[in-house]
Amino acid sequence: MRKSVFKLLALLAIFSFVAVACGDDDDSSSESSSSESSSSESSSSESSSSESSSSEATAEEAAINDCELGETDGDLAMYNWAEYIDEEQLAEFAEEYGISFTLDTYDSNEAMQPIISAGNSGYDVIVPSDYMVSILIAAGSIQPLNFDAIPNAANISADFSGLYYDPDGAYSVPYQWGTTGIGVNTAVVGTDFPRSWGLIFDPEISGAFDGQIQLLNDPRETVGAALKYLGYSLNSTSEEELAEAEALLSATAGRLAAFNTDSADEFLTSGETVIGHGYSGDMFVQFLDQDNYEDYVYFVPEEGGTKWIDNMAIVHDAPHPCTAHTFINWLLSAEQGAALTDWNYYDTPNQAALDLMALDEEGYYDDLLDFVRNPELFAGGVESLESIEDTGDFEINYSDAFVNAKG
């Protein structure tokens, strides 16, 4: 999905213009969308059930550790965020290794986690966010990786080593990274608005657009946005601060078109909403698909927002662990890493992919990376960004507050 360089440059200029103009003035398990695909050569595989005895677990671990480089032991079953990998890229892997694949999607870490932790999910590879990796490790829900079968892990930039959620990098490898912020249809809202979370939470600022505003269907992201607006950390473990955030979300819920993750970007461009809460790459891709792409802007509000790292991990009872290792290694190649960023417009932790992009004589990838890293996107500066962290036993409070606020 290679976009026009001219569109990229034009949108960069629009972001800068808006920055200058503005300076002048459910339940805890959310519904996820699903899709399935397979290669033409074979049909989707049946998920195998895991055994509970310790002897079987030991045998399974030995089999995982014995996976050879390039080995497959069945079809690939991936569980990923929506619109986060091109199914044609998955089909390329499947064809290369003579297997088929399935791809199911979720709309929040909290929707994915109980399915994986319950066991017998049938999935091989998942893509949890930073804080969720540590939760899954603690629960025994993902398995240690055999890096003899993933030599391309060496392609990951040193900047992504020693990460707090998996300090030794034993259970996960970074997939993509990006930010969470606000998208706006300036053809309706105009350009004279504060780059603040108040554009969602303050009816004095956005009351004219009630019913045309959307928030993510995600406890940590959405409660976190309310906390940032109130001047708190999005990792707060204060019951008082969380209660304030819950009250703010509850007061905002009736002004929304929806709590929705999968369609946040499409809602904006279809006209269903004019102000939306979403992920950077999703917004960029959707905006640039429009003839009137110059009408849309994305930014992280001045109070700050989320910078996140998503990761690939293998489910503890994955039916095809060797295929999973082979897929992760394949996706970490320079070529596939570059293709992933070219499709979903998120930044890559893959240094080999970045080095390959730098060789593009047309300068397309330079423009792409300048676009996704544009400092004008961060109204409060890069230092205002914060990563979501595992709050331990306090996590349930976030889920409860979110459910209560939604009503």
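A brief report on the enclosed structure follows. Remember, predicted model here, so these are calculated numbers, not experimental data. (Residues numbered from 1 in each chain as written. Predicted model: local features only at pLDDT ≥ 70, side-chain atom pairs only at ≥ 80, totals over all residues. Heavy atoms only, no water.)

**Details of the packing of helix α3 (residues 87-97) against helix α13 (residues 321-331)**
Our working rule: For helices, the axis comes from a line fit to the C-alpha atoms of the stretch in contact; other axes are also lines fit to C-alpha atoms, and the angle between any two N-to-C directions lies between 0 and 180 degrees. Each helix is a run of H or I in the DSSP string that is no shorter than four residues. Each strand is a run of E no shorter than two, and both are numbered from the N terminus. An angle below 35 degrees is treated as roughly parallel, one above 145 as roughly antiparallel, one from 65 to 115 as roughly perpendicular, and anything else as oblique. Note on convention: near helix rotated counterclockwise from far helix by under a right angle means a left-handed crossing. Clockwise means right-handed. Any two residues whose heavy atoms approach within 4.5 Å at even a single point are treated as in contact. Each residue receives one of three labels: charged for Asp, Glu, Lys and Arg, nonpolar for Ala, Val, Leu, Ile, Met, Phe, Trp, Tyr, Cys and Pro, and polar for the others, Gly being one of them.
Running from amino to carboxyl end, α3 crosses α13 at an angle of 120°, the nearest separation of the two axes being 11 Å. When the axis of α3 is compared with that of α13, the two are oblique. In the crossing of α3 with α13, the sense of the turn from one axis to the other is right-handed. Of α13, the residues touching α3 (which contributes Q89, L90, E92, F93, E96 and Y97) are T323, T326, F327, W330 and L331. Residues of the contact of α3 with α13, tallied by class, amount to six nonpolar, three polar and two charged.

**Focus on the pattern of salt bridges**
What counts, and what does not: The salt bridge definition used is simple: a Lys or Arg side-chain nitrogen within 4 Å of an Asp or Glu carboxyl oxygen. A 1.4 Å probe rolled over the protein chains alone gives each residue an accessible area, and that area as a share of the maximum for its type sets the label: buried under 20%, exposed over 50%, partly exposed in between.
Applying the stated criterion across every chain yields a total of four salt bridges. With a closest N to O distance of 2.7 Å, R255 and D210 form a salt bridge. With a gap of 45 residues between them, R255 in the loop between α10 (239-253) and β6 (258-259) and D210 in the loop between α8 (203-206) and β5 (213-215) connect regions that are remote in the sequence. Residue D210 is classed as partly exposed on the basis of its relative accessible area, which comes to 37%. With its nearest N and O atoms 2.5 Å apart, the salt bridge here joins R373 to D347. Of the two residues, R373 sits in the loop between α16 (364-372) and β10 (385-386) while D347 sits in the loop between α14 (334-344) and α15 (351-358), which places them 26 residues apart along the sequence. The partly exposed category is assigned to R373, whose relative accessible area is 38%.

**Re the state of the cysteines**
This is how the line gets drawn: Criterion for a disulfide: a pair of cysteine sulfur atoms at a distance within 2.5 Å.
Considering all chains together, one arrives at one disulfide under this definition. Two residues share a disulfide in this structure: C67 and C322, whose sulfurs sit 2.1 Å from each other. The chirality of the disulfide connecting C67 with C322 is left-handed, given an S-S dihedral of about -85°. With C67 in the loop between α2 (54-65) and β1 (76-81) and C322 in helix α13, the pair connects residues that are 255 residues apart, well separated along the chain. A relative accessible area of 5% places C322 in the buried class.

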